[in-house]
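What follows is each chain in one-letter form.
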Amino acid sequence: MENRWEMLESSNEDREKLWKKNRTFAGDVWFRFRHKPTAIAGFVIIVLLLLFALAGPYFTKYSYSAQNLELVNIPPRMKVYEAPDGTGYMYITQSLKVVWVNKDGTLGGQLKKVREESESSMTIFDCNGTEVALYYGVKPYMMADPETRVLYPTRHVFNKSYTLGTDSLGRDILTRLMYGTRVSLMVAFVAVLVNLVIGIIFGGISGYAGGTVDTIMMRIVDIISTIPLTLYVILIMVVLGTGLKSIIVALGTVYWVDMARVVRGQVLSLREQEFVLAAKTIGSSTKSILVQHLIPNAMGSILVTVTMLIPSAIFMEAFLGFLGIGLQPPLASLGTMCNDATENLRSCPYQLFIPALVICLIMFAFNFVGDGLRDALDPKLKK
Amino acid sequence: MEPILQIENLKTSFMTSNGEVQAVRGVSFSIGKGEILGIVGESGSGKSVTSMSILRLLADTAVIKEGTITFEGKNLIDVSKKEMRGIRGEKISMIFQDPMSSLNPLIPVGNQVAEMILEHHPDRKKEDVKKEVLELFSRVRIPEPEKRYKCFPHEFSGGMRQRVMIAMALANKPDLLIADEPTTALDVTIQDQILHQLRELEKEYGTSIIFITHDLGVVAELCDRVIVMYGGLVMEEASIDDIFEKPGHPYTMGLLVSIPDIKQDKSVRLMPIPGSPPDMTNPPEGCPFAPRCPYARKICARELPEFIELGEGHRTRCFLQYPDAPADEHNPFRR
Amino acid sequence: MSDQNILEVRDLTKHFKAGGKQVVHAVDGVSFTLARGKTLGLVGESGCGKSSCARTIIRMYDVTAGQVILDGTDITNMKQKELKPLRKKMQMIFQDPYASLNARMTVRDIIAEPLIAHGIVKKKEAANELVYPMLEWVGLTKEHANRYAHEFSGGQRQRVGIARALILQPELVICDEPISALDVSIQAQVINLLKDFQEEKGLSYLFIAHDLSMVRYVSDEVGVMYLGHLVEICESNEIYDNPLHPYTKGLLGSIPIANPKLARQKEKSGIEGDIPSPIHPPQGCRFHTRCPFAKPECGEVKPQMKDAGGGHMVACHLY
């Protein structure tokens, strides 16, 4: 047995051992971030949306602009009438056309109209050789087979050809949604990127220079932020013409104001920190102080601002699209899709509901992520 | 001496993203009536957490896992929140290191102190209370109390604010005052004034004081008895004279020799304690001081020593004080 | 003369604007010299201007008036660009080991920063052979080099800060309260490091602290500051054995004595009252509002520095 009173050999390594796990700052932030369920949920939603928008179009057989005027305003879930011969279903469209629906839920074409009996408010269609009548005198519309037996809408089937239905021009909503999400996300990312660059440079200079330079630059920011945003964006669109480019330009040149303020505030407080003063006494150049010390330490709040700016840019784009001054048809964005849907909001609410839901999802997701990031970056919560 | 507060085997942990931080790992002590007890330790030793546990002022992430805190026959860990509020400020009050953040910047200081009294004695007349506050102010040597009554905290210097805090803490003549590093943020001349005052107030009111500090000099000036904490544990407990004259733990010895005396010979090197304090997410298995202890034995790294009585009221947690410890040249206690 | 003195400060004055027309008189007419290889301690309470003094000397702030002469070169009005090569000679150690290190950088990058800033090494990787010995010298190991500053304890961080200041082998190091944020058991480690380096390289320290016993221990000469004025300066043992200025006496009397027997015998010798605002400092001797020996003259005439014998300089009307 070893002598328990033998001297304990402690090396300097033992005494100076670091117990904390070797984690970079980013690793530390990620560790705290992933322990917040809402933030992770937001993050997952963003990833799924990105996949949906970027990879989705490769898996759909429709294009965002191809119209199929035979199949207009078909909802994702249809109330159908069984065909007299029992081989399929029929669906009555808003424009009083009858669409053939196969047993598996895929759509056939419109049934051929045989004749119109306007005095009795009836249209006769040809359904696989038998004649069926659509009586549109009363609502709900009624259908009858050749023996004048009334057909009732027997069941609901899901639309297998157009999972999310078609719009008023017979375009696939799912495909348009993919492109719309893509456009919205792109507008947001590019606009925020532009913001980021302008904001960091403007705010960085303003904060680091301080004094009169700072005062003048901040007054410029104040002036810009007093201009009503919508008005300004509309003006830019008028000058540059409508389109994706001008939306990005419009948003990019406006939103940097917030970013510049955040960066300036950060730089202003950081440059009085001892480690920045230390860098100055060491003789580090202004550039390396900015690049090595100020920007990395301000990155946390910048990142939070970015994640908060993205949904606001997306919303702005959707809002402009909704007003009709955004993208031009046939291009789709979430906002223009909402706008298109308002025409037949009563009969086809799903056309508004679906893109609106996606907008909500994006906003939620980014807000959750931003929230999670802020908590993860907050050194006060770190113990 | 009849103890007014007794702590048995207190264990407090913080649940953090890095795991459980065992800030206090089984602390027991008591304080008698009219006694000034010093708790000495470095940052992370668990001294502040112990005091916060007494008043249950801990952050949400903290959990008191075990132990009892007996005050007036009640276990403070179990009393209701409402009852606890009745005790805070009335029977036990606290002074913090940073007086600015403990005062409401929007309310005149006089009103804040008066509020403290009215909170616990709502039936008292406002004029009486004001008179009492003014008397308290002059008692803690705030010049021109009448004028200062209406001042806001930002108009006060650090030392003045700490005096207001003391006045507030003493407003209801508590049985126990917990002072958590009240002079650390202050200058020496102001610290001297405050210490002097605390001593006078203790004599006058008979209030027991738990004084938490990292400065042995302050302890020597003020306290009757000292507890030395390290790594969430009490390492040594002794009367003030014993601590300085015959320290019973290598850590205490290390603390005493690592600060230069005002008369220290300059050519003599200081004797620092090597290394850094332990991390409480991974507390060492044995004695927490073993990795830094110049006398540590193999057993010290494996087992935690129990307390050994060295004399009346003097106990220490060190294997080298055990009766079977060898009296070789590496044992400072058996030479 | 100048080749003997690494630092000479003449009538250094630093005023800050404090909103509106108010001026903070942080440092007012402070003069001292620091001989090569020696340590000058500056003590005083918070707000006495000792830190401002240090930061003005290292030209973190611009000088309001007076002169700063580093190793025979007048750096008072130099532009930052001209100053850069001289920064190699003069480095600083900061008070707060948490704030003074960039948490986003590894310890190696922090210590290598001065090397890169002065073009001694071009790449961070090349700095290793200079950084590793330095790390070991301050009691850390090579393995620590790739860790981030936020993982270290206060004492370890402060040693990293010291390594950063010393890696350029400066001739003058300004230590701005290097130990006051550290635990007692750690303070001695840092002091020993600084003393060892001084013995080895013969550098000079301007050591700023409010802990008087530590200042006495490390310094050859001690200056006492009060509200922007230097009130007394002399050899360090002399100032403790034979303090002349009433403020120095009070300050010394306020130090808690780490000996309960002596502490009980101690008479109350502390200074009453608070330090006045540096925006409206008192006329004449700035200490006269708290001075127990104040004469009418003290409130009117500013006392000049006089030699009270043997190089013991004091600014007080009593002498």
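Residues numbered from 1 in each chain as written. Chains lettered and ligands numbered in written order. Predicted model: local features only at pLDDT ≥ 70, side-chain atom pairs only at ≥ 80, totals over all residues. Heavy atoms only, no water.

A. Structural context of the overall build of chain B. Helix and strand counts for chain B come out as 12 helices and 12 strands. In summary, chain B has a C-alpha radius of gyration of 21 Å against a globular reference of 20 Å for 335 residues, a match within 12%. In terms of principal-axis extent, the alpha carbons of chain B reach across some 70 × 50 × 40 Å. Per-residue burial for chain B yields a buried fraction of 57% across its 335 residues. Contacts in chain B between residues far apart in sequence, at least 24 positions, make up 64% of those at least 6 positions apart. Accessible surface for chain B amounts to roughly 13,600 Å². Of this, 51% is attributable to carbon and sulfur atoms. Computed over 40 positive and 49 negative side-chain charges, the inter-centroid distance for chain B is 3 Å. (Helix = DSSP H or I, 4+ residues; strand = E, 2+ residues; numbered from the N terminus. Rg over C-alpha atoms; globule rule 2.2 N^0.38 Å. Buried < 20%, exposed > 50% of the residue type's maximum accessible area, 1.4 Å probe, protein only. Contact = heavy atoms within 4.5 Å. Areas by Shrake-Rupley, 256 points an atom, 1.4 Å probe, with all protein chains shown as cover. Lys, Arg positive; Asp, Glu negative; His and termini not counted. Charge placed at Lys NZ, Arg CZ, Asp CG, Glu CD.)

B. Region of the structure containing the domain arrangement of chain A. Partitioning chain A into domains gives domain 1 (38–56 + 170–381) and domain 2 (77–158). Each of domain 1 of chain A and domain 2 of chain A has a C-alpha centre, and the two are 49 Å apart. (Domains from an automatic or database assignment.)

C. Expanded view of the sheet that holds strand E9 (residues 221–226) of chain C. Residue and element names in this part refer to chain C. Spatially, the 8 strands line up as an open sheet ordered E6-E7-E8-E3-E9-E10-E12-E11, and their pairing is mixed. Strands with a single pairing partner mark the edges of an open sheet, and in this sheet they are strand E6 (90–93) and strand E11 (306–307). Pairing analysis gives 6 bridges linking E9 to strand E10 (residues 229–235), with the strands arranged antiparallel. Bridging across to E10, Tyr226 finds its partner in His229. Packing of helix H5 (residues 154–166) onto the sheet brings it into contact with E6 and strand E7 (172–176), and relative to E6 it is tilted by some 175 degrees. (Pairing = 2+ DSSP bridges. Axes fitted to C-alpha atoms, helices over the stretch in contact; angles between N-to-C directions.)

D. The arrangement of helix H2 (residues 80–87) of chain C in detail. Residues of H2(C) that are buried include every one of Leu83(C), Leu86(C) and Arg87(C), and no others. The buried residues of H2(C) all sit within an arc of 100 degrees when viewed along its axis, so they share a single face. Among the exposed residues of H2(C), those oriented more than 90 degrees off its buried face are Lys81(C) and Pro85(C). Structurally, H2(C) contributes buried residues whose contacts are with helix H8 (274–282) of chain A together with strand E4 (65–70), strand E5 (73–74) and E6 of chain C. (Arc of directions from axis to C-beta.)

E. Up close: the packing of helix H2 (residues 25–33) of chain A against helix H11 (residues 350–377) of chain A. Residues and elements named next belong to chain A. Contact pair H2 / H11: the axes reach a minimum separation of 8 Å and the direction vectors enclose 125 degrees. One way to sum up the angle between H2 and H11 is to call them oblique. You can see that H2 and H11 cross each other, and the crossing is right-handed. Contacts between H2 and H11 involve Phe25, Val29, Arg32 and Phe33 from the first element and Val369, Gly372, Leu373, Asp375, Ala376 and Leu377 from the second. (Parallel < 35°, antiparallel > 145°, perpendicular 65-115°, else oblique. Left-handed = near helix turned anticlockwise from the far one by under 90°.)

F. Broad picture of the interface of chain B and chain C. If you look at the interface, chain B gives 43 residues, while chain C gives 47 residues. For the chain B face of the interface with chain C, the top three residues by lost area are Thr189(B), Ile262(B) and Lys266(B), together amounting to 18%. With a closest N to O distance of 2.5 Å, Glu245(B) and Lys261(C) form a salt bridge. At the junction of chain B with chain C, the criterion picks out 13 residue pairs in polar contact (both at pLDDT 80 or more). For the side of chain B that touches chain C, the secondary structure elements donating two or more residues are helix H8 (188–205), helix H9 (216–222), helix H10 (240–245) and helix H11 (250–258) of chain B. With 7 residues, H8(B) is the largest single contributor of residues to the side of chain B that touches chain C. Taken together, the residues of the side of chain B that touches chain C sort by class into 17 nonpolar, 12 polar and 14 charged. (Buried area = accessible area lost by both parts, 1.4 Å probe. Salt bridge = Lys/Arg side-chain N within 4 Å of Asp/Glu carboxyl O. Polar contact = N/O pair within 3.5 Å; in protein donor to acceptor, adjacent residues only side chain to side chain. Nonpolar A, V, L, I, M, F, W, Y, C, P; charged D, E, K, R; others polar.)

G. The confidence of the model for chain B, seen in detail. Averaged over every residue, the pLDDT of chain B is 87; residues scoring 70 or more account for 99%. Scoring the predicted complex yields pTM 0.81 and, for the interface, ipTM 0.83. (pLDDT = per-residue confidence, 0-100.)

H. Structural context of the sheet that holds strand E5 (residues 74–75) of chain B. Residue and element names in this part refer to chain B. Spatially, E2-E1-E4-E5 is the arrangement adopted by the 4 strands of the open sheet, whose pairing is antiparallel. At either margin of the open sheet sits one strand with a lone partner, and together these are strand E2 (19–32) and E5. Contacts between helix H1 (residues 47–54) and the sheet are confined to strand E1 (3–16), E2 and strand E4 (62–71), with E1 contributing the most and set at about 115 degrees to the helix.

I. Structural detail: the pattern of salt bridges. Taken as a whole, this structure holds 38 salt bridges over all chains when the rule is applied. The partner of Lys65(B) in a salt bridge is Glu20(B), with the nearest N and O atoms 3.0 Å apart. A residue pair is termed long-range when its members are at least 10 positions apart, and Lys65(B) in strand E4 and Glu20(B) in strand E2 qualify at 45 residues. The class for Lys65(B) is partly exposed, based on a relative accessible area of 45%. Residue Glu20(B) is classed as partly exposed on the basis of its relative accessible area, which comes to 26%. A salt bridge links Arg59(C) to Asp62(C); the shortest N-O distance between them is 3.1 Å. Among the ionic contacts, a cluster of salt bridges with common partners joins Glu35(B), Arg225(B), Glu237(B) and Arg315(B).

J. Representation of the interface of chain C and chain A within the structure. Between chain C and chain A, the residue contacts involve 35 residues of the former and 27 residues of the latter. Overall, the association of chain C and chain A removes approximately 2,800 Å² of surface from exposure, summing both partners, and the carbon and sulfur fraction of that is 51%. Here chain C and chain A share 1 salt bridge between them. Measuring nitrogen to oxygen at the nearest pair gives 3.3 Å for the salt bridge that ties Arg55(C) to Glu274(A). Among the secondary structure elements, those contributing two or more residues to the side of chain C that touches chain A are H2, E6, helix H3 (107–117) and H5 of chain C. Within the side of chain C that touches chain A, the residues separate by chemical class into 13 nonpolar, 11 polar and 11 charged.

K. A look at the domain arrangement of chain B. Residues and elements named next belong to chain B. Domain parsing of chain B yields domain 1 (3–91 + 172–321) and domain 2 (99–171). One C-alpha centre belongs to domain 1, the other to domain 2, and the line joining them spans 29 Å. Tallying the contact residues gives 21 residues for domain 1 and 17 residues for domain 2. At the boundary of domain 1 with domain 2, total buried surface from both sides reaches about 1,700 Å², with 55% on carbon and sulfur atoms. Considering only the side of domain 1, the residues that lose the most area to domain 2 are Asn172, Gln197 and Leu201, jointly responsible for 33% of the buried surface there. For the pair domain 1 and domain 2, the interface holds 2 salt bridges. With a shortest N-O distance of 3.8 Å, Glu200 and Arg141 are connected by a salt bridge. Summed over the shared surface of domain 1 and domain 2, the result is 10 residue pairs in polar contact (both at pLDDT 80 or more).

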